Amino acid sequence: MKYTIAVIPGDGIGPEVTNQAKKALDAVAEVYDHIFLYKEVQMGACAIDKTGVPLPEETIKVCKEADAILFGAVGDPRFDNDPTAKIRPEQGLLQLRQELDLFCNVRPVKAYHHLLKNSPLKKEIISGTDVAIFRELSGGIYFGRKELSKDGKVAFDGCQYSVDEIIRIAHLAFKAAQNRKKKLTLIDKANVLETSRLWRKTVAEVAKDYKDVDLNFMFVDNATMQIVLNPKQFDVVLTENLFGDIISDVACVIGGSIGMLASSSIGKENALFEPIHGSYPQAKGKDIANPLASILSASLLLEHLGLQDEADAIQRAVEKSLDLGITTKDLRSKNQTFTTTSKVGDFIADYIENQEDSNMNFKNIHMGQSTII
Ligand SMILES: NC(=O)C1=CN([C@@H]2O[C@H](COP(=O)(O)OP(=O)(O)OC[C@H]3O[C@@H](n4cnc5c(N)ncnc54)[C@H](O)[C@@H]3O)[C@@H](O)[C@H]2O)C=CC1
Ligand SMILES: CC(C)CC(=O)C(=O)O
Ligand SMILES: [Mg+2]
């Protein structure tokens, strides 16, 4: 089959990690006889430099027409270090999420057994963790009215949610819970925030359609502690935009690195796949960033296209790379060697193309300075 994939490499390490995901997709295309037609477009600081805006019209058009979107990351210290900047790279991402109505961001958090030794958390606490974070993505405080007083001494960010915005993601989260361990935890701050109280009331109503799912509530401050102290108590986590952003970065500690967490952002018509990390500008061009979150995002993309075997092939390749220790520095444990972003991508692609061949000799794969086995 032929699929059109809009590719937005973005800024910082975005292009490097997206290139590795494309290598994995190319290998899948080769093995399973598909054609992936990439249409590369710009967003973020690179788009501002070229066109003056963080999200050019052409990018929106190409994304709307594509079968799926693969995104890297946006963000640049030139803007981060200038609080007065009127145009920012991140506005492009937020605008795209809103333009395409990508309201449901799913962030799977898994403790890969090969990485248990990498986590600062105790092995017995995280082993077996499998949480799906459902983060509302197109509403809340990131999209509220923003104001700065004329004298620059008072700032305002408004947070708003409607019942309809809550209902649509709640249904998706409950459906996911039905296919998992049948537990859904709503994370909010309902002891303080009116929006959170609306979330609790609405989600409790939606729960009546899912009587087989056990619904419980947790305040966000406690949740950020519980996710690292006892992550296995969670199955599906449902939460609003800001809380989901923060909780998922905290949850990265379970996965061994933020470079391991992929995500899908789903709307009615479009779907975008991206690692949860940012543009990690310190690593730009150094070939050191972990590409696995981007590669795993490509796996989620294939799943979304209904290509489950192909998605699984990427997953197996990722697990194999972890198994053999063919990883970047962030996943290195004591005395273990590591390799580069591009070599990890090469290995994953190579493994996808040759994994059915039991005679494949991994020692033949050229891995630069790294010791493979
Ligand atoms: N989705 C997006 O495009 C996002 C963009 N940003 C933007 O990214 C820029 C940098 O933001 P930060 O807060 O520093 O977050 P970041 O996620 O880019 O990096 C934070 C830290 O995580 C680690 N890290 C991130 N990605 C990694 C990878 N692939 N492999 C290994 N380690 C990795 C590094 O230690 C890094 O210092 C900012 O401009 C920010 O606005 C931040 C988050 C998400
Ligand atoms: C621009 C930010 C909202 C991006 C981010 O941190 C994220 O989506 O995780
Ligand atoms: Mg974030």
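Here the residue numbers are simple positions, counted from 1 along each chain's written sequence. The order in which chains are written sets their letters, starting at A; the order in which ligands are written sets their numbers, starting at 1. Confidence filtering applies because this is a predicted model: local features only for residues at pLDDT of at least 70, side-chain atom pairs given and counted only at 80 or more, and all residues used for totals across whole chains, interfaces and linings.

Per an unreviewed UniProt entry, the protein carries the name 3-isopropylmalate dehydrogenase and comes from Polaribacter aquimarinus. UniProt positions are given in the numbering used here, feature names are shortened, and annotations may be inferred rather than shown by experiment. As stated in UniProt under Function (unreviewed entry), the record for the protein gives "Catalyzes the oxidation of 3-carboxy-2-hydroxy-4-methylpentanoate (3-isopropylmalate) to 3-carboxy-4-methyl-2-oxopentanoate. The product decarboxylates to 4-methyl-2 oxopentanoate." Heading Catalytic activity (unreviewed entry) of the UniProt record for the protein holds this comment: "(2R,3S)-3-isopropylmalate + NAD(+) = 4-methyl-2-oxopentanoate + CO2 + NADH".

Enquirer: Would you take a moment to explain the sheet that holds strand β10 (residues 236–239) for this structure?
Expert: Consider a sheet: its strands pair through backbone hydrogen bonds, and that pairing is either parallel or antiparallel. Overall, mixed pairing links the 10 strands, which are arranged β2-β1-β3-β12-β11-β4-β5-β10-β8-β9 in an open sheet. The sheet is open, and its two edges are formed by β2 (35–40) and β9 (214–219), each paired on a single side. Along the sheet, successive strands turn relative to each other by an average axial angle of 25°, direction set aside. Contact between residues is assigned whenever the C-beta positions, reconstructed from backbone atoms, fall within 7 Å. Angular values range over 0 to 180 degrees, each being the angle between N-to-C directions of two axes fitted as lines to C-alpha atoms, with helices fitted over their stretch in contact. Strands here mean DSSP runs of E at least two residues long; helices mean DSSP runs of H or I at least four residues long; both are numbered from the N terminus. Sheet contacts for helix α9 (residues 220–229): β8 (183–188) and β9; angle to β9, the most-contacted strand, approximately 105°. Pairing between two strands is assigned when DSSP locates at least 2 bridges connecting them.

Enquirer: Honestly, the packing of α9 against helix α10 (residues 241–255) in this entry has me stumped. Any pointers?
Expert: Geometry of a packed helix pair, given as the angle between the helix axes and the separation of the axes. Interhelical geometry of α9 versus α10 gives an angle of 20° and a closest axis separation of 9 Å. Considering the angle they form, α9 stands roughly parallel to α10. The interaxial crossing formed by α9 with α10 has right-handed handedness. Between α9 and α10, the contacting residues are V220, A223, T224, I227 and V228 on the first element and F243, I246, I247, V250, A251 and V253 on the second. By definition in this entry, angles of less than 35 degrees are roughly parallel, angles greater than 145 are roughly antiparallel, angles of 65 to 115 are roughly perpendicular, and the rest are oblique. Two helices crossing with the near one rotated counterclockwise from the far one by less than a right angle form a left-handed crossing, whereas a clockwise rotation gives a right-handed crossing.

Enquirer: I'm lost on the site of ligand 1 in this one. Help?
Expert: Contacts to ligand 1 come from 22 residues, most closely from G75, G259, H277, G278 and N290. A breakdown of the residues in the shell around ligand 1 according to their chemical character gives 10 nonpolar, 8 polar and 4 charged. Being near a molecule or strand means, for a residue, that its C-beta atom, positioned from the backbone, comes within 6 Å of it. Basically, the charged four are Asp, Glu, Lys and Arg, the nonpolar ten are Ala, Val, Leu, Ile, Met, Phe, Trp, Tyr, Cys and Pro, and anything else, Gly included, counts as polar.

Enquirer: How should I be thinking about the domain arrangement of the protein in this particular structure?
Expert: The accessible area lost on association of the parts is a frequent measure of interface size. According to the domain assignment, the protein consists of domain 1 (1–105 + 259–373) and domain 2 (120–255). Contacts between the two partners involve 12 residues from domain 1 and, on the opposite side, 15 residues from domain 2. Listing elements by their share of the side of domain 1 that touches domain 2, those giving two or more residues are α5 (89–99) and β4 (104–110). Broken down by element, the residue count for the side of domain 1 that touches domain 2 peaks at 3 residues, all from α5. How far each domain reaches was decided by an automatic or database domain assignment.

Enquirer: Explanation requested: the site of ligand 2 in the structure shown.
Expert: Taken together, E90, L93, Y142, D245 and I276 make up the full set of residues near ligand 2. Counted by class, the shell around ligand 2 contains 3 nonpolar, no polar and 2 charged residues.

Enquirer: When you look at the UniProt feature "binding site: Mg(2+)" (unreviewed entry) in the protein in this model, what are you seeing that I'm missing?
Expert: The sites that UniProt annotates as "binding site: Mg(2+)" (unreviewed entry) are D221, D245 and D249. These residues run over 29 residues, yet every pair of their C-alpha atoms falls within 14.1 Å of each other. Put simply, a residue is buried when 20 or more other C-beta atoms lie within 10 Å of its own C-beta and exposed when 12 or fewer do; between those, it is partly exposed, and each C-beta is set from the backbone. Since 13 C-beta atoms lie within 10 Å of it, D221 is described here as partly exposed. The topology assignment puts D249 in helix α10. For D249, a count of 16 C-beta atoms within 10 Å gives the class partly exposed.

Enquirer: Could you clarify how one ought to interpret the environment of S294 in this entry?
Expert: Relative to the elements of secondary structure, S294 occurs in helix α11 (residues 292–304). What makes S294 buried here is the crowd of 32 C-beta atoms within 10 Å. In the structure, S294 is positioned 276 residues away from T18 in sequence and 6.1 Å away in space, judged by C-alpha atoms.

Enquirer: Would you explain the UniProt feature "site: Important for catalysis" (unreviewed entry) in the protein in this entry?
Expert: The residues that UniProt annotates with the feature "site: Important for catalysis" (unreviewed entry) are Y142 and K189. The exposure class assigned to Y142 is buried, which follows from the 20 C-beta atoms found within 10 Å. For Y142, the residues in contact, after removing those within four places along its chain, are L94, N241 and L242. Relative to the elements of secondary structure, K189 occurs in the loop between β8 and α8 (194–207).

Enquirer: How do you make sense of the nonpolar core when you look at a structure like this?
Expert: Considering soluble globular proteins, one finds that nonpolar side chains tend to be buried as a cluster. By size, the foremost hydrophobic cluster in this structure holds 101 residues, and its most contacted members are A24, I69 and I314. Considering each element in turn, this core owes the most residues, 8 residues, to α11. Domain assignment of the residues forming this core places at least three in each of domain 1 (1–105 + 259–373) and domain 2 (120–255). The residues touching I69, leaving out its near neighbours within four places in the chain, are A6, I8, C63, N270, A271, L272 and F273. Definition of nonpolar core: a set of buried Ala, Val, Leu, Ile, Met, Phe, Trp, Tyr and Cys residues joined via C-beta atoms within 7 Å.

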